[in-house]
Amino acid sequence: MKNFITSMLFLGSFSLVYSQANTISTNMAGGTRDIFYNIKSEGAGRMLNYDEITGSPYLDKNFSVAKLADNYEKAPVRYSTLKDEIEFQKDGKTMVLPNEDQFSRVEIISPKTVLVRLDTGDDLKGYFFELVQGKYSLYKKIKTKFIDVVPATNSYATDRPASFKTLDPVYYIKIGEKEYIKKPKNQKEIIAQIPDKKAAIEEFVKSNKIKFNKEEDLIRLVDFLNK
């Protein structure tokens, strides 16, 4: 009986530790934190609440359930294209996902979306939307910038209100462990990095009339590279 009780206590302790290991808490190494929905405005001379600003700092302000990492609980999330942060909800609070390696790939269940944190070696490093995964991968960066209030220059004019503006996406083709082609403009840039596929790339681009400023064409091209 003593051995049985000891075994049950051990299993109970193990279950508690395992449960805690799979829960995002506010005291994790990377640190979660509360969200403040305001931004400093030099033009207005004060902090502006997001509600006072036209536009949105999110592509989708709604939260969607996501897989945050292997062996972790699912949670509602949304991505801030303004701050390049993933917000999540837990226990009635909205917090920022810790900047830790285990949370470098977040898979939103519906609509299916994958956000991957990458070090691209430039000012856009951070979270990217994954469009193609494979030996060659395609990623899309979307950023939103804050445009401050512009005070009226005279009594006949009016202030230009503050706004959030979503910038044009920037595409990256990953061709190595830490090698990327940023904003691919033509087939020459890709052939320079993958010379052994020169003839195949030229034929594919020509026969499929690939346009490098179209997302669907870039997806088709990278899918082809992976065949």
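Residues numbered from 1 in each chain as written. Predicted model: local features only at pLDDT ≥ 70, side-chain atom pairs only at ≥ 80, totals over all residues. Heavy atoms only, no water.

Draft legend 1. Here's a closer look at the sheet that holds strand E10 (residues 137–141). Sheet architecture is open: 10 strands sit in the order E6-E5-E4-E3-E7-E8-E9-E10-E13-E14, paired in antiparallel fashion. Since the sheet does not close on itself, it has two edges, and those belong to strand E6 (93–96) and strand E14 (180–182), each with one partner. In this sheet, adjacent strand axes meet at a mean angle of 35° when their direction is disregarded. In this structure, strand E9 (residues 126–132) lies alongside E10, joined through 3 bridges in antiparallel fashion. Across the sheet, Glu 130 pairs through a bridge with Tyr 139, a residue of E10. (Pairing = 2+ DSSP bridges. Helix = DSSP H or I, 4+ residues; strand = E, 2+ residues; numbered from the N terminus. Axes fitted to C-alpha atoms, helices over the stretch in contact; angles between N-to-C directions.)

Draft legend 2. Expanded view of the nonpolar core. Within the largest apolar cluster, 19 residues are counted, with the highest numbers of intra-cluster contacts made by Leu 138, Ile 173, Ile 190 and Phe 212. Listed by contribution, the elements that provide at least two residues to this core are strand E13 (170–174), helix H2 (187–193), helix H3 (198–207) and helix H4 (215–225). Per-element accounting of this core gives the leading share, 4 residues, to H4. Sequence-distant contacts of Leu 138, defined by excluding residues within four places in its chain, comprise Phe 129, Glu 130, Leu 131, Val 132, Tyr 171, Tyr 172, Ile 173, Leu 218, Ile 219 and Val 222. Val 77, Phe 88, Val 106 and Leu 115 belong to the second largest nonpolar core, which has 18 residues in total. (Core = buried A, V, L, I, M, F, W, Y, C linked by side-chain atoms within 4.5 Å. Buried < 20%, exposed > 50% of the residue type's maximum accessible area, 1.4 Å probe, protein only. Contact = heavy atoms within 4.5 Å.)

Draft legend 3. Spatial organisation of H3. Taken together, the buried positions of H3 are Ile 201, Phe 204 and Val 205. Down the axis of H3, the buried side of the element spans an arc of 95°, and every buried residue falls inside it. Residues of H3 that are exposed and point more than 90 degrees away from the buried face comprise Ala 199 and Lys 206. Residues of H3 that are buried sit in contact with H2 and H4. Just downstream of H3 lies Lys 209, where phi reads positive at about 50°. (Arc of directions from axis to C-beta.)

Draft legend 4. Structural detail: the environment of Ile 142. By secondary structure assignment, the location of Ile 142 is in the loop between E10 and strand E11 (144–147). The spacing of Ile 142 and Tyr 171 is 29 residues in sequence and 9.1 Å in space, taken between C-alpha atoms. Residues within four places of Ile 142 in sequence aside, it is in contact with Leu 59, Tyr 79, Thr 81, Phe 129, Thr 166 and Pro 169.

Draft legend 5. Region of the structure containing the packing of aromatic side chains. Counting across every chain of the model gives 10 aromatic pairs. With 6.2 Å between their ring centres and 85° between their planes, Tyr 172 and Tyr 180 make a pair best called edge-to-face. The pair Tyr 172 / Tyr 180 is uniform in exposure class, with both members buried. The structure contains a cluster of three or more aromatic residues connected by ring pairs, namely Tyr 37, Tyr 50, Phe 146 and Phe 164. The cationic tip of Arg 78 hangs over the ring face of Tyr 58; the distance from NZ or CZ to the ring centre is 4.1 Å. One Lys or Arg, Lys 141, reaches over the ring of Phe 128 and ends 4.9 Å from the middle of that ring. (Phe/Tyr/Trp six-rings, centres within 6.5 Å; stacked < 30°, edge-to-face > 60°. Lys NZ or Arg CZ within 6 Å of the ring centre and 35° of its normal.)

Draft legend 6. Fine view of unusual backbone geometry. Note that the residue after Ser 110, namely Pro 111, is joined by a cis bond; omega there is -5°. Looking at the secondary structure, you find Pro 111 in the loop between strand E7 (105–108) and strand E8 (113–118). Here Asp 84, not a glycine, exhibits a phi torsion of approximately 55°, which is positive. For Lys 209, which is not a glycine, the phi torsion comes out positive at approximately 50°. Note that Lys 209 resides in the loop between H3 and H4. When its relative accessible area of 68% is taken as the criterion, Lys 209 is described as exposed.

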